[in-house]
Structures are given as C-alpha cells and as structure tokens.
Amino acid sequence: MLLSATAAHADTTSVKAWQIVRVAKTGAHCVDDKNCMNRMHPAIKPVSRANPSQHIVFETRDAFSDFNLGSKPEDVSAADLNLVHPLTGPVFIEGAQRGDVLAVTLLDVQPDDYGYTVIVPGFGFLRDRFTKPFIANWKLNRKEAVSDQIPGVVIPFNGFMGTVGVLPGQPEVATILTREAALQSAGGVVLTPQPLGALPSDVCGQNGSSKNECLRTIPPRENGGNMDIKQMVVGTTLLLPCFVDGCGLFVGDVHFAQGDGEVSGTAIEMGATVTLVTEIRKAQAAKVKVPHFEGGDQLIRLAPTEFYATTGFPLKAKGQIPPYHTYLDSQKIGPLENLSEDLMLAARNALIELIDWMVSEKGLTPEQAYVVASVAADLRIGNVVDVPNYAVSAILPTTIFRK
C-alpha cells in the first residue's frame, strides 16, 4: 500500500499533552530555598500559582535533610527537630476561595536514591522502650528498598505524601493555638510555636511578623499536613477544605513505604518529585470540614499476599502507666491490670508481640524489628464494641523477608 507524502514530524517525546507548573528546590537545605517552608500560617505568601487541571510538580526534601548513606546513630541525636518538616510551597490555586474544597489527585511519586528510617529518643509509639538512637539507611528504586543495617529485608515501593495540606486561615490558627495551649496546660505533649529555625523567616522566624502564631508541622490538623496515611498512594484523591483564597497547597515529607502507624516515628523517609493535579469543588467545605480521600482499587493493591499477625488487648502490669496516659495524672490507672475500651494500649501490646516475634523467628534485633514494623506492619482495629477489651492486630507481610 502506498502512503501519501506528509510533512515530517518529531517523535512523540516532543508532544506535550499537559501544562506543567514546576515548583523546584534549590540549595542544600530549606533555609537556602525560597520555595521551602517549615511552618504554617495564612501570612505565608505563595511561591507559585497554578490553574486547576494543570499538573503541578513538587520537588521535595526529606523530613530531616541531615542524613546520607554513611549516617550513624550519633547523627540522629544531633538532628535539629526545629527544622522538621521542610515543605515545598505554598502554591496558589487560581479560582479557589475560602469555603471551597480542593481535590488533589496524586499522579506520580519519583523517589530519590536514598532514604532512611530513624528511632529518635523520646519520640515514637514505644518511646519508653526504645530510648537509644538508631538509623537504617535505605537504597531506593521504583521497585524496592534495601538496607545494610537490616540485611535480608526488602521493602516494596508504595510511595505517598506524608505531609500534604493547605494553609490554615486566621480563625483556624486562633482555634488551634487555644486548644493546644489548653492541652499543654493539662500536661499533654504539644509543640508550640518556635521561631528558631522557622521558615519563611520574615513571617515565622525570630523577627517574623507572626512568630508566635506559626504552627509546627508535626501534628496533622483540619488543613491536612502531616497525616502520614499510607493509603494516599498514586491514584487517590485527597479532599481538603480551603481556609484562605488560593488554598495555599504544600507538599513534603514523602515516604517510600510505611506501615499503618509509622510506629518508630519515621517511615522510609526520602526526597522525591511529586506530580499531582487539582480540582476545585465550589462551596463544599461545609461538608468536608477535615481531610477526606477517595480512590479505586488502591487498598486492594496494598494488601499483603502473605502475612503474620499478632493481637493486642488493653492489658498491663500492676503499677504500670502507659506513656500515653501519664499526662492525665490518674491515680486509678496504676493499680489496674486491665483498662476499659483502650485502643492505644491494645495497639501497643499487639506491636510488642509482633516485635518479639520478629526477634525470635527472624533473628532481628529489637531496634531492627521496631524499624521494620514502622515501615511495613499495619495496626488494624479489630473491634470497638467488646467491652472492656477492644482488639487491635499488628499485621506484617512476610514477603519482605528474603528467602
């Protein structure tokens, strides 16, 4: 068959179907980067603007920006927690207003070559049992992660944004500061505004215009933030209520993989290039007051093909007060061996059982097992009705162990 002559065209590599807005990172650290922030406040100015339907590419930093393949436990102790988390943004979404909902669909996560998981003394779900620093340095690709510090373990890639959110409005900042101050006065663990190392410095730093109001990034809140929800993988859509015009979208703290619970305090932390697309759902914030998310078969694909699981109930030794209850200063808890309807204690016991199993059956040290649980094990609620003993399971995919 003869083909008619046509004008010559380049191959499909040069054909672009999408408009792309890239929010790049520059410099070695957040302080060197005009597109980087580590606090939240409505006075923070946008570093870029994007229209809905445009692909936004965020170049992100890891949670600490202090480690490399040669890092050792003593480097963990020296890390400055005032610098957590370096986030890319905020991006002004054209047409979005306070009261709207911003739908954010994750299209791609491109991992860096290096990631890490650390145990930071005083932080993590079992902080009373694991009091020494530890680090596992991971070599990453789009398939799996391996670490010389935990030989024989291979963690599959399930990347997601550990931190993603929008800027809070001034009313939300006032509400958050009030309730967190009340919790702190009652003895609860609260990270109050801290201008040391805060960015952007003109708003949140030591001479910043709002230095006493800039919110820390550790806890998630109504505006999203550090939610650390492993199910928010590629293909899912996150729904965020907008509290300022333009919403002020930010991304960071990307995880290569994580177990439900992120129990050691960290997942496989990494820098990454994240691509997403947004849609504005007008005047829907009255229905979506806190982050929601939706998707398709992503949860099925996250399920293990082989697993081992342990269970936990709210049981303890006489005289013991779990660390999550110490701020309540209750004289009733200490003498009891059974607490009523306590999911935290049930989850703690399930996790301890799983760590003990990995030590006994897989030959890991307790620190190695704790890290493996943080990046691969899922804490799942069994029931919240069988009083007094609610049940929690800790489920570990056994395919991560090299045969």
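Our structure's up above, just so we're on the same page.
Parameters at a glance
- Residues numbered from 1 in each chain as written.
- Predicted model: local features only at pLDDT ≥ 70, side-chain atom pairs only at ≥ 80, totals over all residues.
- Heavy atoms only, no water.
- Helix = DSSP H or I, 4+ residues; strand = E, 2+ residues; numbered from the N terminus.
- Buried < 20%, exposed > 50% of the residue type's maximum accessible area, 1.4 Å probe, protein only.
- Contact = heavy atoms within 4.5 Å.
- Lys, Arg positive; Asp, Glu negative; His and termini not counted.
- Charge placed at Lys NZ, Arg CZ, Asp CG, Glu CD.
- Pairing = 2+ DSSP bridges.
- Axes fitted to C-alpha atoms, helices over the stretch in contact; angles between N-to-C directions.
- Phe/Tyr/Trp six-rings, centres within 6.5 Å; stacked < 30°, edge-to-face > 60°.
- Lys NZ or Arg CZ within 6 Å of the ring centre and 35° of its normal.
- Parallel < 35°, antiparallel > 145°, perpendicular 65-115°, else oblique.
- Left-handed = near helix turned anticlockwise from the far one by under 90°.
- Nonpolar A, V, L, I, M, F, W, Y, C, P; charged D, E, K, R; others polar.
- Core = buried A, V, L, I, M, F, W, Y, C linked by side-chain atoms within 4.5 Å.
- Polar contact = N/O pair within 3.5 Å; in protein donor to acceptor, adjacent residues only side chain to side chain.
- Salt bridge = Lys/Arg side-chain N within 4 Å of Asp/Glu carboxyl O.

Trainee: Where do I start with the overall build of the protein chain in this structure?
Mentor: When its secondary structure is counted, the protein chain shows six helices and 18 strands. With the C-alpha coordinates aligned to their principal axes, the bounding extent of the protein chain is approximately 85 × 60 × 45 Å. Within the span of the protein chain, comprising 403 residues, buried residues form 52% of the whole. The long-range share in the protein chain, meaning contacts at least 24 apart out of those at least 6 apart in sequence, stands at 78%. The average position of the 34 basic charges and that of the 42 acidic charges among the side chains of the protein chain differ by 2 Å.

Trainee: Quick question: what am I supposed to make of the sheet that holds strand S16 (residues 307-312) here?
Mentor: Whenever strands of a sheet pair, they do so through backbone hydrogen bonds, lying parallel or antiparallel. Strand order in the open sheet formed by three strands is S16-S18-S17, and the pairing between neighbours is antiparallel. Whereas interior strands pair on both sides, the edge strands pair on one side only; in this sheet they are S16 and strand S17 (378-383). For this sheet, the mean inter-axis angle between neighbouring strands, taken without regard to orientation, is 30°.

Trainee: Explain the packing of aromatic side chains here, please?
Mentor: To describe a pair of aromatic rings, you give the distance between the ring centres and the angle between the ring planes. Throughout the structure, instances matching the rule amount to eight aromatic pairs. Measuring from ring centre to ring centre gives 6.0 Å for Tyr114 and Tyr116, while their planes differ by 35°; the resulting arrangement is tilted. Residue classification places Tyr114 among the buried positions, given a relative accessible area of 17%. Accessibility expressed as a relative area gives 1% for Tyr116, which makes it buried. An angle of 20° between the planes, with centres 4.1 Å apart, marks the rings of Phe130 and Tyr370 as stacked. Linking Phe130 in the loop between strand S6 (101-119) and strand S7 (134-140) with Tyr370 in helix H6 (residues 366-376), this pair joins segments that are 240 residues apart in sequence. Take Phe130: its relative accessible area is 8%, and that puts it in the buried class. An aromatic cluster of at least three residues, connected via ring pairs, comprises Phe64, Phe67, Tyr114 and Tyr116. Across the ring face of Phe92, the terminal group of Arg49 is positioned such that the distance to the ring centre comes to 4.0 Å. Sitting over the face of the ring of Phe401, Lys362 holds its NZ or CZ atom 4.8 Å from the ring centroid.

Trainee: Please explain the pairing of strand S10 (residues 160-165) as it appears in this structure.
Mentor: The side chains of a regular strand alternate between the sheet's two faces. Buried residues dominate S10, accounting for six of its six residues. Of the pairings in the sheet, the one linking S10 to strand S13 (residues 247-255) comprises five bridges and is antiparallel in character. Along S13, the bridge assignment pairs Thr163 with Gly252. Summarising the sheet, S10 and strand S11 (residues 224-225) pair through two bridges and their orientation is antiparallel. Paired with Gly165 across the two strands is Gly224, which belongs to S11.

Trainee: How should the packing of helix H5 (residues 343-362) against H6 be read in this particular structure?
Mentor: Axes are the key here: two packed helices are described by the angle between their axes and the distance separating the axes. It is the contact of H5 with H6, at a shortest axis distance of 9 Å, that shows an interaxial angle of 125°. For the element pair H5 / H6, the angle class is oblique. The element H5 and its partner H6 pack so that their crossing is right-handed. Contact residues: Leu351, Ile355, Met358 and Val359 in H5; Pro366, Ala369, Tyr370, Val372 and Ala373 in H6. Of the residues in the contact of H5 with H6, the class split is nine nonpolar, no polar and no charged.

Trainee: It is not clear to me how the nonpolar core should be interpreted in this structure. Could you clarify?
Mentor: In a soluble, globular protein the nonpolar side chains are often hidden away together inside. Within the largest apolar cluster, 71 residues are counted, with the highest numbers of intra-cluster contacts made by Trp138, Ile155, Leu249, Met358 and Leu396. With nine residues, the top contributor of residues to this core is H5. Not counting the four nearest positions on each side in its chain, Ile155 is found in contact with Trp138, Lys143, Glu144, Ala145, Phe256, Ala257, Ile268, Val375, Ala376 and Ile400. If you look at the next biggest cluster of nonpolar residues, it comprises 14 residues, including Met37, Val173, Ile176 and Val203.

Trainee: So what exactly am I meant to see when it comes to the side chain of Glu180 here?
Mentor: In this fold, Glu180 is placed in helix H2 (residues 170-185). We classify Glu180 as buried; its relative accessible area is 15%. There is a polar contact of 3.0 Å between the side chain of Glu180 and the side chain of Arg221. Look past the residues within four positions of Glu180 in its chain and what remains in contact with it is Val190, Leu191, Pro219 and Arg221.

Trainee: What is the right way to look at the pattern of salt bridges in this model?
Mentor: Opposite charge on two side chains allows them to pair when their charged atoms are near. Summed over the entire model, instances satisfying the criterion amount to 15 salt bridges. Note that Arg61 and Asp33 form a salt bridge whose closest N and O atoms lie 3.0 Å from each other. Of the two residues, Arg61 is situated in the loop between strand S4 (55-60) and helix H1 (73-77) and Asp33 in the loop between strand S1 (20-23) and strand S2 (36-37); the sequence distance between them amounts to 28 residues. Residue classification places Arg61 among the buried positions, given a relative accessible area of 5%. A salt bridge links Asp100 to Lys282, with the nearest nitrogen and oxygen atoms 2.7 Å apart. Of this pair, Asp100 sits in the loop between strand S5 (87-93) and S6 while Lys282 sits in the loop between strand S14 (269-281) and strand S15 (292-294), and the two are 182 residues apart along the sequence. Taking relative accessible area as the criterion, Asp100 reaches 3% and is therefore assigned buried. Here Lys282 falls in the partly exposed class, since its relative accessible area comes to 42%. In this structure, a network of salt bridges that share partners links the residues Lys230, Asp260, Asp378 and Arg380.

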